[in-house]
Amino acid sequence: MEGDDNLAHERNKAEFDVNEMKIVWAGSRQAFEVSNRMSRLVASDPVFDKSNRAVMTRKELFKNTLRKSAHAWKLINELCLSDEESTIFKYFMDQPGFLDLHWRMFVPAIKGQGTEEQKQKWLPLANKMQIIGCYAQTELGHGSNVQGLETTATFDPQTDQFILHSPTQTSSKWWPGGLGKVSTHAVVYARLITNGKDHGVHGFIVQLRNLDDHSPLPGITIGDIGVKFGNGAYNSMDNGFLMFDKFCIPRDQMLMRLSKVTREGKYVPSDVPRQLMYGTMVSVRQTIVSNASVAMARAVCIATRYSTVRRQFGSQNGGVETQVIDYKTQQNRLFPLLASAYAFRFVGEWLKWLYTDVTQRLEASDFATLPEAHACTAGLKSMTTSATSDGIEECRKLCGGHGYLWCSGLPELFAVYVPACTYEGDNVVLQLQVARFLMKTVAQLSSGKAPAGTTAYMGRAKHLLQCRSSTQKAEDWLNPDMVLEAFEARALRMAVSCANNLKKFENQEQGFSELLADLVEAGIAHCQLIVVSKFIAKLERDIKGKGVKNQLKNLCYIYALHLIHKHLGDFLSTNTITPEQASLANNQLRSLYSQLRPNAVALVDAFDYTDHYLGSVLGRYDGNVYPKLFEEALKDPLNDSVVPDGYHEYIRPFIKQHLRSARL
């Protein structure tokens, strides 16, 4: 078939070893083997079929998710899968459900914030899933502003209990996944009050439902918040609401690693530094960045394969039409997204290293790098998730009208992914945290204190504020030192400009509010520099094979030069480069697209995604798109009958009524 021939021909063009690239993408041979084995284990099991999610009712979809989750847990135990294998296995299930929040939020919260006694009590139950937990922090009225949470936990010394209460409608917990219908327990965040004093937000382990009949306990109002964006998508998750009416829990269910309340009601901070919680946060954000690379790769894989199969225009004397991927407009939109998938993958790897480094330092009571680690993880979470959600939508448009079909896999992928821009920190709010850190770093430059980590480049402020790019020909934009200097100079100058403008305000907070938009852009510039620098470092440090290295080099500079093109106003307004140098960068970018073109299909094959995981007729490995589109269309319940339900009631009377006056 034409699709098969197209993709087979493309794969034969590859100028590198695809299997070697698969290992680079996975991070190691062992990681590749685990991922490959888990993805095929899921794909081969009919229980994990997901082809009909779009036509399920909400109740059917939810029950189907419960069935899959129970089956997954059964397999994990029968096959004795390791923690790493279990995590990857659940990821390839590709269906949001209560297991996600239990393992990613509930269990880590107890591990990180519970005392040894609390961990000994609760973790065995959670690890065996004899209790099912969620993470109840966000409220109807407050999300990003955690310190504004309204739920209260008031200690009653008479009963040695905390009384949890939702004093207002806006204090109801709203959004926690797994809360609506499944979770038996939750880590609930509430304002701790003892002897009339508010000690701020603390965590509590709270049983929500009866373990015999699953009914809510007295004093608890609980349910699902309703249908969310998209068909299927995140509607398999029971995001819930929760209200307390003077609900009592024992005192020892307050998570007490960082602070405790005595039997007399005295609030006592522990000796454990609160900074230890940052390690968990770095881990969570590293996972989000890694997931961004996966979601971007998935969308790009679909768009690349379909752009190769699809032909449009350009036929000469009745010959074949031009492959859509050969149009420069398609390459200019698609190839930077392919480059972004690899770039986010490698910065995610670096964040894994950062998590290990931060954890070791915290255990040694070394908190010096925490502010920088917090800032860069916040910024990278924000930047990568925003770019990925935009990238998925761009891939949908790159697939033309067929990209709008549910069976393309792209509408559901977008609907599932886009919440990442909000959960674990709103993306704009997170970039402002980066900006605050940058402003502090700039302010300290005159003190002689050398910036470290991702801000080390600011230590060369004198040079970077004065230098001009020395690129004189297009090929100069393949020089890593020249590219890095351009990104460093742009980031530093934008940060210094914001700092100088802040000085014009007597009230710094008022100035910060006035300059929010500029500060966000400064944060983004810093984060883009991090991604470019880590991609270049990966090339220089880890990649040995010539063919693979050449392709990754092309991707690296496509990523960097496209950012220059996209944010040209920044580079020109800061006098980092000249218009002529920008033109040279564009020339080099077009050349890189041409070099990448023969390898595009092989580069997405290196993601090693099964057709089951992609869930896309357009992105099929065999390229057999058009017959399968017809198959999917005929499966729709609307095609169960030739004459639709409602014809006799509504269509026929309408037609018959107008027969006499028709002018056809």
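Residues numbered from 1 in each chain as written. Predicted model: local features only at pLDDT ≥ 70, side-chain atom pairs only at ≥ 80, totals over all residues. Heavy atoms only, no water.

Side chains that are nonpolar tend, in soluble globular proteins, to be buried together. Counting residues in each nonpolar core, the largest one holds 138 residues, and the members touching the most others are Phe89, Tyr342, Leu552 and Phe607. Take this core: its biggest share by element is 16 residues, from helix H9 (residues 328–363). In contact with Phe89, other than residues within four places in its own chain, are Met38, Leu41, Val42, Phe48, Ala72, Leu75, Ile76 and Leu81. Formed by 24 residues, the second largest nonpolar core is a distinct cluster that contains Phe155, Phe162, Ala190 and Ile222. (Core = buried A, V, L, I, M, F, W, Y, C linked by side-chain atoms within 4.5 Å. Buried < 20%, exposed > 50% of the residue type's maximum accessible area, 1.4 Å probe, protein only. Helix = DSSP H or I, 4+ residues; strand = E, 2+ residues; numbered from the N terminus. Contact = heavy atoms within 4.5 Å.)

Here the focus is the UniProt feature "domain: Acyl-CoA oxidase/dehydrogenase middle" (unreviewed entry) in the chain. Annotation from UniProt places "domain: Acyl-CoA oxidase/dehydrogenase middle" (unreviewed entry) at residues 134–235. Structurally, residues 134–235 comprises 0% helix and 40% strand, and the distance from its first C-alpha atom to its last is 17 Å. (UniProt positions renumbered as here; feature names shortened; annotations may be inferred.)

Another point: the pattern of salt bridges. Within the structure shown, the criterion is met by 34 salt bridges. Here Arg37 ties to Glu85 by a salt bridge, and the two come within 2.5 Å at their closest N and O atoms. You can see Arg37 sitting in helix H3 (residues 29–43) and its partner Glu85 sitting in helix H5 (residues 83–93), a full 48 residues away along the chain. The exposure class of Arg37 is partly exposed, given its relative accessible area of 41%. On the basis of relative accessible area, Glu85 is assigned to the buried category, the value being 14%. One salt bridge connects Glu116 with Lys119, and the closest N-O pair in it is separated by 3.1 Å. (Salt bridge = Lys/Arg side-chain N within 4 Å of Asp/Glu carboxyl O.)

On to helix H7 (residues 116–127). Over its 12 residues, H7 runs 16 Å from end to end, which matches the ideal 16 Å to within 8%, given 1.5 Å per residue. By the burial criterion, the buried members of H7 are Gln118, Lys119, Trp122, Leu123 and Ala126. When H7 is viewed along its axis, its buried side chains cluster within an angular range of 105° and face the same direction. Opposite its buried face, H7 presents the exposed residues Glu117 and Gln120, each directed more than 90 degrees away. Lining the buried residues of H7 we find helix H6 (98–113), strand S5 (185–194) and strand S6 (197–207). (Expected span 1.5 Å × (residues − 1). Arc of directions from axis to C-beta.)

Interhelical geometry of helix H10 (residues 370–398) versus helix H11 (residues 410–417) gives an angle of 165° and a closest axis separation of 9 Å. Here H10 lies roughly antiparallel to H11, going by the angle between them. Once H10 is placed against H11, the crossing between them reads as left-handed. The residues of H11 that touch H10, namely those facing Thr384, Thr385, Thr388, Ser389, Ile392, Glu393, Cys395 and Arg396, are Leu410, Leu413, Phe414 and Tyr417. For the contact of H10 with H11, a count of residues per class yields six nonpolar, four polar and two charged. (Axes fitted to C-alpha atoms, helices over the stretch in contact; angles between N-to-C directions. Parallel < 35°, antiparallel > 145°, perpendicular 65-115°, else oblique. Left-handed = near helix turned anticlockwise from the far one by under 90°. Nonpolar A, V, L, I, M, F, W, Y, C, P; charged D, E, K, R; others polar.)

Along its 23 residues, helix H14 (residues 480–502) runs 33 Å from first to last C-alpha, staying within 8% of the 33 Å computed at 1.5 Å per residue. Capping the start of H14, Asn479 holds a side-chain oxygen 2.9 Å from the backbone nitrogen of Asp481, two or three residues further along. (Polar contact = N/O pair within 3.5 Å; in protein donor to acceptor, adjacent residues only side chain to side chain.)

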